[in-house]
Amino acid sequence: APCTMHHARQYLSDNIPSLDLIAAIIGLASAVIDNVPLVAATMGMYDTATYPVDSQLWQLIAYCAGTGGSILVIGSASGVALMGLEQVEFLWYFKNVSLAAFGGYLAGIAAYLVPKAIMGGVVANAAVTSAAATSAVITSMVTTDVLPAAQSMIDVMPM
């Protein structure tokens, strides 16, 4: 398995020009692959000795893998539960929610990368992490508000 992970990392590095883009692609993959094994496989590809756990790569992978699953209803446990509890069909979700979820996903990546590019390094870390978290919340709210059935479930939940 380590040999396979090494080959996967080498293939990605040879064919995709940036680690940020690789993280974004990993996030898109999480729309169809469970994000836990996906991130576990990624950990085998990018070791923490070279890329410390608080590095930009891992922060972006955490955001992308966690949020990318919302692009398709089958990409997250909550989406699968929504399908089962509220009989939301895959095509309905795809037509009515996926584009908004994808927009939120891209907005979160931009909210993370643009301030880092403008301000650079450590100064921007707190603001950028906060912006990415805010984008994740907005993405979640967009997908929730678009689904009336999910909204009605939220209305009856005790706070």
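To keep things clear, this report deals only with the structure shown in the data block. Everything numeric here is computed off the predicted structure, so don't read it as measured data.

## Focus: the environment of Tyr 51
Item 1. As for its placement among the helices and strands, Tyr 51 is situated in the loop between α3 (35-45) and α4 (56-68).
Item 2. With a relative accessible area of 23%, Tyr 51 lands in the partly exposed category.
Item 3. Setting aside residues no more than four positions away along its own chain, Tyr 51 makes contact with Leu 19, Tyr 46, Leu 57 and Trp 58.

## Some words on the packing of aromatic side chains
Item 1. Enumeration according to the criterion identifies 4 aromatic pairs in this entry.
Item 2. Geometrically, the ring pair formed by Tyr 63 and Tyr 105 is stacked, given 6.2 Å between the ring centres and 15° between the ring planes. Of this pair, Tyr 63 sits in helix α4 while Tyr 105 sits in helix α7 (residues 98-119), and the two are 42 residues apart along the sequence.
Item 3. Under the relative-accessibility criterion, Tyr 63 is labelled buried at 9%.

## Digging into the environment of Gln 59
Item 1. If you trace the backbone, Gln 59 turns up in helix α4.
Item 2. When its relative accessible area of 23% is taken as the criterion, Gln 59 is described as partly exposed.
Item 3. The spatial distance from the C-alpha of Gln 59 to the C-alpha of Ala 23 is 9.3 Å, given a sequence separation of 36 residues.
Item 4. A polar contact of 2.9 Å, which involves the side chain of Gln 59, links it to the backbone oxygen of Asp 54.

## A few points about unusual backbone geometry
Item 1. The backbone of Gln 87 shows a phi angle near 55°, a positive value even though the residue is not glycine.
Item 2. Along the chain, Gln 87 falls in the loop between α5 (77-86) and α6 (90-96).
Item 3. By relative accessible area, which is 58% here, Gln 87 ends up exposed.

## Quick word on the nonpolar core
Item 1. Formed by 21 residues in total, the largest nonpolar core has its most connected members in Leu 12, Ile 22, Tyr 46, Ile 61, Cys 64, Tyr 105 and Ile 109.
Item 2. Among the elements of the structure, α2 (19-29), α3, α4 and α7 are those that each provide at least two residues to this core.
Item 3. Broken down by element, this core gets its largest block of residues, 6 residues, from α4.
Item 4. Formed by 5 residues, the second largest nonpolar core is a distinct cluster that contains Val 73, Leu 82, Tyr 93 and Val 97.

Parameters and conventions
Residues numbered from 1 in each chain as written. Predicted model: local features only at pLDDT ≥ 70, side-chain atom pairs only at ≥ 80, totals over all residues. Heavy atoms only, no water. Helix = DSSP H or I, 4+ residues; strand = E, 2+ residues; numbered from the N terminus. Buried < 20%, exposed > 50% of the residue type's maximum accessible area, 1.4 Å probe, protein only. Contact = heavy atoms within 4.5 Å. Phe/Tyr/Trp six-rings, centres within 6.5 Å; stacked < 30°, edge-to-face > 60°. Polar contact = N/O pair within 3.5 Å; in protein donor to acceptor, adjacent residues only side chain to side chain. Core = buried A, V, L, I, M, F, W, Y, C linked by side-chain atoms within 4.5 Å.

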